[in-house]
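Tertiary structure, described
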There are 2 protein chains.
Amino acid sequence: MDIQFNHFPYPIYIAEQSFPSLIDRLSRQIGKKFLLTDQHVAQLYSEQLEKLQSIEQVYVHTLPAGEESKSLSAYQEVLTKMAVLDFTRSDCFIAWGGGVIGDLGGFIASTYLRGIPFIQVPTTLLAMVDSAIGGKTGLNFATYKNQIGSFYQPQWVHIDPAYLKTLDHRQINNGLAEVIKYGILCDPNLFEQIKVSKDQLDYFSIIRRSLEIKHHYVSQDPYDQGQRQFLNLGHTFGHAIEAVSHHQIHHGEAVAIGLSWIAQASYQLGWTHTDLKPLLESVYQQHGLSHDFVGDSFDLLNAMTHDKKSLGQKIHLIIPIEIGHCIREAIPTSELMSWIQAGRGK
Amino acid sequence: MDIQFNHFPYPIYIAEQSFPSLIDRLSRQIGKKFLLTDQHVAQLYSEQLEKLQSIEQVYVHTLPAGEESKSLSAYQEVLTKMAVLDFTRSDCFIAWGGGVIGDLGGFIASTYLRGIPFIQVPTTLLAMVDSAIGGKTGLNFATYKNQIGSFYQPQWVHIDPAYLKTLDHRQINNGLAEVIKYGILCDPNLFEQIKVSKDQLDYFSIIRRSLEIKHHYVSQDPYDQGQRQFLNLGHTFGHAIEAVSHHQIHHGEAVAIGLSWIAQASYQLGWTHTDLKPLLESVYQQHGLSHDFVGDSFDLLNAMTHDKKSLGQKIHLIIPIEIGHCIREAIPTSELMSWIQAGRGK
């Protein structure tokens, strides 16, 4: 049976091996259904795809897997198909895939006829613990990630941890980095929970707790004006690392490095007396996450000031004090280089 | 001195010859300013443009005048420039023009970095009484109007009726049709007020009252799920007429015809005992608005069922009962042809 989170503004159904209830729920959804997925998911779950396609009034559109599909041209391709199929505001849009499909799908659903009902079915750990929840949608544009986007809440979300079985270690790490972030932000227990090997992780519990924490911040600040920025812990450095590596380093991997750097900088620059590095090291070692990135500090600085989180001449950094407690500070961009250097231990 | 509407969720400044206070207010706006306009406005108000350009950190972008600029390619063109200029979430976007610039500008402002502050400076009557207020943004796509869009409120709106002096009769009519709509919806006095020649119209008063009425509906239903649909009075036919005429008939002209048809159909089909046609005729004659459109009824029906207001198998029509009172009814699309024919008196 599905568990439904009651304190979310929309239902989040979460259960192991719950594909039959997904089919059931989609069959009861009124109107036409546009289902967006990628070739990777479509191939791995071809049997599920067949069953999904057999639901009445379902139209499936498959994009190439990967970040490249988060583009204005993919956006246009999908919108054209929806217009040809005469989708109206009473029809719905389903994103079945990882963060790319969810982010792109959310942007499409939020802007087609100024918004149609949107359903998220995340298939990666990163999407389950982070991107499918909170209402941020986005496209990459002009070399920047999420340069275009909107805030748009799904009508409901279906989470089945069974999808995690087909993820490789790198993809699991991509999501785990966000879980580590939630732990550092406000939950030492969650941080403890992931100090075991991947096959011993209690994904159901981790996902559930992660969503509660994310919701805690999002509900106070849906449009990312203040409190929600705590969720950017590790991301200011992380986004820059992703960009400078030309996305060879994936989001979660970059966030993990970013978390390590900001913890290190916080200690080195005297914001905390607690050296978090040894604590992070044990978790990183357990999962094969890296602390380090070989890249030019000036390139990183440059990428950081392009980042949308820069507000004029200051940038908001989320600074770890101890596991479970962070603070938010506006740091002049002129001081950012010292944070990068302290973070890298240079 | 500007009048500020206090019951709006954002300030609307309205005053005759208030360009100096616009300059003043924009000068005090923090961050960079991206000002979008069209060649027509830029040419007519070249002196104002010079003064606007002399404000610190203002970047002006001029698009060709006309509906063609409400396109995904114009959207992309502007976003590219904003990205190159490193616009951040603390910078702002100004739409200085009519409905096309306001609708496109609003969509850009709402989606660039998931939304940056947006300022509306409408220069046409239609934009002043309707499109600049209420938060609807839109682009045309795949032959449909506003097929892509969002709901996004401006930070503030500056209305200067002095801009109306450079509008021709056809452009004034474009806005007057919406004012007539507001009158039929809920204000017999407003309807009375426009029974004078164009040069005797009290624009300040008409604009103010129109905005109050629009706000009344929008505030109850910002995302257009029910109550706001009253504002579609005359628009279900109107949009179809626009589309079938390939936009040779402008929005307001089509709405005027749509108002006349729906009033006529309401009477013919027995929804009201009041024949509104003579009342409408006197106003239409005064301003040179037409009741009629020569076009195929099946083409109109086809265009109507493509319209986003169609919810599955029913369509919501706003039906006039008398001047100042309308009702909202879900009509099966199968009955729409009888409404078209009754409206056309056939």
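Rules and cut-offs
Residues numbered from 1 in each chain as written. Chains lettered and ligands numbered in written order. Predicted model: local features only at pLDDT ≥ 70, side-chain atom pairs only at ≥ 80, totals over all residues. Heavy atoms only, no water. UniProt positions renumbered as here; feature names shortened; annotations may be inferred. Least-squares fit on C-alpha atoms with pLDDT ≥ 70 in both. Helix = DSSP H or I, 4+ residues; strand = E, 2+ residues; numbered from the N terminus. Expected span 1.5 Å × (residues − 1). Buried < 20%, exposed > 50% of the residue type's maximum accessible area, 1.4 Å probe, protein only. Arc of directions from axis to C-beta. Salt bridge = Lys/Arg side-chain N within 4 Å of Asp/Glu carboxyl O.

An unreviewed UniProt entry annotates chain A as 3-dehydroquinate synthase of Facklamia lactis. Chain A has a UniProt comment under Pathway (unreviewed entry) that states "Metabolic intermediate biosynthesis; chorismate biosynthesis; chorismate from D-erythrose 4-phosphate and phosphoenolpyruvate: step 2/7."

1. What about the relation of the copies chain A and chain B?
Once chain A has been moved 0.0 Å along the axis and rotated by 180 degrees, it coincides with chain B to within an RMSD of 0.0 Å. Such a turn and shift between the copies fits a two-fold axis. No C-alpha of chain A approaches the rotation axis more nearly than that of A:S150, which lies at 4.4 Å.

2. What about the UniProt feature "domain: 3-dehydroquinate synthase N-terminal" (unreviewed entry) in chain A?
Mapped onto the present numbering, the UniProt feature "domain: 3-dehydroquinate synthase N-terminal" (unreviewed entry) falls at residues 62–173 of chain A. A distance of 25 Å separates the end C-alpha atoms of residues 62–173 of chain A, which is 34% helix and 28% strand.

3. Details of helix α4 (residues 72–84) of chain A
Residue and element names in this part refer to chain A. Under the 1.5 Å per step criterion, the end-to-end length of α4 is 18 Å for 13 residues, consistent within 8% with the ideal 18 Å. Among the residues making up α4, those that are buried are L72, A74, Y75, V78, L79, M82 and A83. Buried residues of α4 fall within an arc of 165 degrees about the axis and therefore sit on the same side. Exposed residues lying more than 90 degrees from the buried face of α4 are S73 and V84. A positive backbone phi angle near 60 degrees is found at D86, which sits one or two residues after α4.

4. Topic: the pattern of salt bridges
Residue and element names in this part refer to chain B. This model, assessed by the stated rule, comprises 26 salt bridges over all chains. The residue K214 makes a salt bridge to D130 at a minimum N-O spacing of 2.5 Å. Note that K214 is positioned in helix α9 (residues 203–220) and D130 in helix α6 (residues 125–131), a separation of 84 residues in sequence. Each of the two residues, K214 as well as D130, counts as buried. E253 is the salt-bridge partner of R170, the closest N and O atoms lying 2.6 Å from each other. Within this pair, whereas R170 is found in helix α7 (residues 169–186), its partner E253 is found in helix α11 (residues 251–268), the two being separated by 83 residues in sequence.

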